[in-house]
Amino acid sequence: MVDVTASALMGVINPLLDKLSVLLEKDHVNLKGVNQNIAFLRDELSSMNTVLAMVAESDEVNPLVNEWMCQLRELAYDVEDCIEIFMHHLNRDGACDRFIDKMISKIITLKACYQIGDQINELKERALEVSDRRKRYELSLSGQCSKSVVIDPRWPALFEEGDMFVGIDSQRDILVKWLTDDRDSHPQRMVVSVVGLGGLGKTTLANCVFRRIISQFDCTAFVSVSRSPNVNKVLVDVLLQLLKSSPTTEDQNRDIMGIPQDLYLRTLGYLELVNMIREHLQNKRYLVIIDDIWSKQAWKDIECGFPHNSTASRIITTTRIQDVAKGCSSPHSNYVYPMKHLDNDDSRRLFLKRVFYEGDCLLELKEVIDDILRKCDGLPLAIVNIASLLASIPISKKQWERVRNSLFSALKQSHELEVVKRILLLSYYDLPHYLKICLLDLSLFPEDHEIDRLRLIRRWMAEGFIVQQRGQCLEDTGENYINELINRNMIQPVDINYSGRPRACRVHDIMHDLIISISLKENFATIVDNHKPSPLAYKIRRLTIVGNCEEQNLWQGTNILSHVRSLSIFGAVKKMPSLMDFQVLRVLDLHDWSNLEDGDIGSVGNLIHLRYLSLSNSNISKVPQQIERLKHLQTLDLRCTRIEELPATVAQLRKLVRLFLPSGVGLPNGFSNMEALEELSSLDVSRNSPEIVLELGNLTKLKVLGIEWYLGGSILDKARFKQSLASLFCRLGERNLQFLSFTSNSDSSVDFLIDSWCPPPRHLQTLIMCGLTVPIFSRLPKWISSLFELTHLEIFIEEISLGDLRVLRGLPALLCLRIYLNESPQETLTISPFGFQFLEELCFYPLDGNLASLYSRNRKKGLSLMFEAGAMPRLELLHFRFAAHGSFDFGISHLISLRHLRVFINCRGVSAREVDAAEAAIRNAAALLPNRPQPGIFRAHEGAMVQEEHRDGTDHVPEQLDGSRCRQKKIRISSFGA
């Protein structure tokens, strides 16, 4: 079992080594041997990092080595802080234009460099002392402690009695059906994979299935793998069990050349073992369970022993990693079974059975049990072990409340909960170093908090956690990190959209407690929370303040905050620490802090290392003038604040990449100096001059843009803005624009853009063009046909024709299409098998202000939407609206991949019988589909207004536009409902 401290520390040192190498490449002033000392620190830390790699693979680490690693960690943090300050002073000279300013800056820089040179020299001496200490105390890196044999905590699941199984009957029956009912359709070997978080009961479920169907097979085996498997040993165990379970006994337990069979087999090589297994299984129907596989390569090595004979043999694999599960079951991807959490009823039954064996609990304990089960969140491992802990103490409300309130500390101290910790730690150990440190960052968020995906990635970027990959921007690499943590079931996705990206993520409560315990041990984070008090570290590196805390007096008058890199505040915190106390802060996240006041951020200009600043959803009303001093700021989030004007100094933020504004804020002149800006939302045209709109075209790196066209004023003013906007769009067409949201509440369309976008933005991936009261365009713009990289199109137009449909189906990358119409089509739109091959979401809404015309048109013309056989083969979500007249055969039964269906029926002027017939037709069509979606059907009446919702919550719109995008999507339907 690898060491937690060593593996996490490598995630701290690796980025630091890169920074030191970059610094040595710079042509800077060499004072007092600074270069040589920096080179020494880099080389010494690199050597220590190699030592850590050895320690990380050790089973046990003695206390002296742990203490040495703690000192090394603090040294690494202090070196990085010093280097950050040093680099800041070296870059000051280039920020001055006038000669006198340059000379003054030069003198200040030289003085600071002398001081920092002394600090670097001190750090060098500390590095030598840390290195010498290990040698002085002869701290060995392997075989450090005698240790008892540790039993694999998963093995007891193999010996569970049947009457103790709770909540897995339905899951067992599904797997049994897969393994036994499909014998004729799958006569070849088939692999069923069970995947899920550690502690969900995968081994228990596999064992339960194994016992149920074992009699149907000629020979069987049940073996467990590990994170670093000895494949030969696994194959020997498989072969011995297969021999023992075979109906013939001639091969069982015989000696080979005078050597006991099991000892002889362990002398064989990989190929010999594979051949022996294959030969033995050649004409047999076998059932093999391969439990707890951690890598695709391990599966490839093991599966070679199992022939693809025609005996309907079956293999069950269990794993915590989704990609591994898919690899095991390939090419039968339908036979990957995601393990489910227990529901509330089964959780309670399992808990009570373990504590009381029979009978129900005392009424006075109900509230305590509810709280414990809420924290366990359906994780059987946690329920069983907490129940075992409670069963060992007197049945008393006071005693049980004490356990409930101390579950976090019990995770470290209780023998029963130590089992939970060990099993969950296996998943943590298997993470690469760069993912370990990203996972620990989640400890800074409160329990049960939904963490916005993009917010998390931007914080990681600001902290330097994301390792640069060749040919990939940091944000895309961060997306990969999120996906990998989800793939490994370390975090849970929230609201997954059509592109497979979640809007947010959350951490299981028990896993969250484990992450906090590691973070505190590593001094990664300090959490000030009245509900979970923890001691303040000597040097706080990352600080989270939660709830209504009164802990501020603990750090007043000290320099305990001078090393803090990240400050986050959650809940009803009354007062934050003074920003003057922070010297190396990189992340200041005050999102959703209602008690934030303008005076709290008055000294924000002193945070010269700040890279991420979020004041969103707060009562802040102004941005300090001194914000120009934040030369390294990358993200500035001001959404949903009371800010009405930005200071002119904002234009001096030359490294700002993302600027998120509240509605109604004007940009200062010269803002195009922000040459690094890639994301801007949302620009309110009504609060800016036509010249400012034109200036947007100078932002050559702009990728994401949100524009609000809420324009009144004279005809002359509108004409000037339209001319500026048309010119801007043409300039953006020459750039790398990837996302555009254009919303309008104007009383007229913006048809001046319908044919004037030249050249069109050929790299555009998301286009949202919507209006609150009237369509954006009278028809579909022709330039849309040139957007070959477009994946998301959301547009409000007057009407649509078959010709427009042909244009849309010619967009090869389109995944999501949402069309809002002012008038229903005057002809049936038939969707053929040609085109829309990758479309996954379709929303089709004729709004029809004139419901009488809708009635007469549909009465005469028939259906407005029809799907032919083979149409939209990957469509998973369909929302559409129609009038309850005539035939209701839309061809929905042809949409073979459909999983989510919502239909809005216009009921005006029709009888209840006609509406019932429309509903029945929709339900009958859905019942014929392979996935059998349960349709949500809503009856719409004139005047009923609701706000549209979608499956993913954000409709694949980046976080920066959330709250300002498409406010106009109000549809005359009844409640859009749950």
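All residue numbers here refer to positions counted from 1 along the written sequence of the relevant chain. Given that this is a predicted model, residues contribute local features only at a pLDDT of at least 70 and side-chain atom pairs are listed and counted only at 80 or more, while totals for whole chains, interfaces and linings are drawn from all residues. Processing note: side-chain calculations cover all non-hydrogen atoms of the structure and skip hydrogens and water entirely.

- If you check an unreviewed UniProt entry, the chain appears there as F-box domain-containing protein from Urochloa decumbens.
- UniProt positions are given in the numbering used here, feature names are shortened, and annotations may be inferred rather than shown by experiment. Recorded in UniProt for the chain, the comment headed Sequence similarities (unreviewed entry) runs: "Belongs to the disease resistance NB-LRR family."

1. Description of the overall build of the chain
No. 1: Runs of H or I in DSSP of at least four residues are treated as helices and runs of E of at least two as strands, each being numbered from the N terminus. Helix and strand counts for the chain come out as 26 helices and 29 strands.
No. 2: For the chain, with 978 residues in total, the buried portion stands at 56%.
No. 3: Residue contacts are counted whenever heavy atoms from the two residues lie within 4.5 Å of one another. A sequence separation of at least 24 residues applies to 68% of the contacts in the chain between residues at least 6 apart. Exposed residues in this analysis have more than 50% of their type's maximum accessible area, buried residues have under 20%, and partly exposed residues fall in between, with area computed by a 1.4 Å probe over protein chains only.

2. Points about the packing of aromatic side chains
No. 1: Put simply, two rings from Phe, Tyr or Trp (the six-membered ring, in Trp's case) pair if the centres are within 6.5 Å, and we call them stacked under 30 degrees between planes, edge-to-face over 60, tilted for the rest. Counting across every chain of the model gives 21 aromatic pairs.
No. 2: Seen from their ring centres, tryptophan 178 and tyrosine 335 are 5.3 Å apart, and the 85° between their planes marks the pair as edge-to-face. Pair noted here: tryptophan 178 is in helix 5 (residues 169-180) and tyrosine 335 is in the loop between helix 11 (322-329) and strand 5 (336-338), with a separation of 157 residues, a long-range link. An identical accessibility class is assigned to tryptophan 178 and tyrosine 335; each is buried.
No. 3: With centroids separated by 6.4 Å and ring planes inclined at 50°, the aromatic side chains of tryptophan 460 and tyrosine 481 adopt a geometry described as tilted. A residue pair is termed long-range when its members are at least 10 positions apart, and tryptophan 460 in helix 19 (residues 453-463) and tyrosine 481 in helix 20 (residues 474-487) qualify at 21 residues. The exposure classification of tryptophan 460 matches that of tyrosine 481, with both residues buried.
No. 4: An aromatic cluster is built from Trp709, Phe729, Phe742, Trp757, Phe777 and Trp783, whose rings are joined through pairwise contacts.
No. 5: In this analysis the charged atom, NZ for Lys or CZ for Arg, is taken to sit over a ring once it is within 6 Å of the ring centre and within 35 degrees of the ring normal. It is arginine 285 that lies over the ring of phenylalanine 217; its NZ or CZ is 4.2 Å from the centre.

3. Structural notes on helix 11
No. 1: If you check which residues of helix 11 are buried, you get Val324, Ala325, Cys328 and Ser329. Projection of helix 11 onto a plane perpendicular to its axis shows the buried side chains occupying an angular sector of 125°, all on one side.
No. 2: Close packing links the buried residues of helix 11 with strand 1 (190-195), strand 3 (286-293), helix 10 (296-303), strand 4 (314-319) and strand 5. To be clear, the arc concerns the directions from the helix axis to the C-beta atoms.

4. Description of the side chain of threonine 317
No. 1: Here threonine 317 shows up in strand 4.
No. 2: According to the relative accessible area criterion, threonine 317 is buried, its value standing at 0%.
No. 3: What qualifies as a polar contact is a pair of N or O atoms within 3.5 Å, subject to a donor-acceptor requirement within protein and to the restriction that residues adjacent in sequence count only when both atoms come from side chains. Within the structure, threonine 317 has its side chain in polar contact with the side chain of serine 193 (distance 2.9 Å).
No. 4: Residues contacting threonine 317, with those up to four places away along its chain left out, are Val191, Val192, Ser193, Val194, Ile290, Ile293, Trp299 and Cys328.

5. Regarding the pattern of salt bridges
No. 1: When a carboxyl oxygen of Asp or Glu is within 4 Å of a side-chain nitrogen of Lys or Arg, the pair counts as a salt bridge. The final tally for this structure, using the stated rule, is 43 salt bridges.
No. 2: The partner of arginine 349 in a salt bridge is aspartate 346, and the shortest N-O contact between them spans 2.8 Å. Of this pair, arginine 349 and aspartate 346 both sit in helix 12 (residues 344-356), 3 residues apart, which is roughly one turn of the helix.
No. 3: Judged by relative accessible area, aspartate 346 falls into the buried class, the value being 15%.
No. 4: Residue arginine 818 pairs with glutamate 794 through a salt bridge whose shortest N-O separation is 3.6 Å. A residue pair is termed long-range when its members are at least 10 positions apart, and arginine 818 in strand 21 (residues 816-821) and glutamate 794 in strand 20 (residues 792-797) qualify at 24 residues. Glutamate 794 matches arginine 818 in its accessibility class, with the two residues each being buried.
No. 5: Bridged by salt links that share partners, the residues Glu74, Asp78, Asp81, Lys539, Arg541 and Arg565 form one connected network.

6. A short note on the sheet that holds strand 6 (residues 451-452)
No. 1: The pairing criterion is simple: DSSP has to find at least two bridges between the two strands. The strand order 6-8-7 describes an open sheet built from 3 strands, whose pairing is antiparallel. Each end of this open sheet is capped by a strand with a single partner; those strands are strand 6 and strand 7 (492-496).
No. 2: With 2 bridges joining them, strand 6 and strand 8 (residues 502-506) adopt antiparallel strand pairing. Paired with isoleucine 451 across the two strands is cysteine 505, which belongs to strand 8.

7. A look at the nonpolar core
No. 1: Grouped together as the largest cluster of nonpolar side chains are 120 residues, with contacts concentrated most on Leu588, Phe729, Phe777, Leu808 and Phe880.
No. 2: The dominant element in this core, judged by the number of residues it contributes, is helix 23 (residues 715-732), at 6 residues.
No. 3: Contact partners of leucine 588, with chain neighbours within four places excluded, come to Leu567, Met576, Leu579, Leu607, Leu610, Tyr612, Leu613 and Ser614.
No. 4: We call a set of buried residues a nonpolar core when its members are Ala, Val, Leu, Ile, Met, Phe, Trp, Tyr or Cys and they connect through side-chain atoms within 4.5 Å of each other. If you look at the next biggest cluster of nonpolar residues, it comprises 113 residues, including Leu20, Leu287, Leu352 and Leu390.

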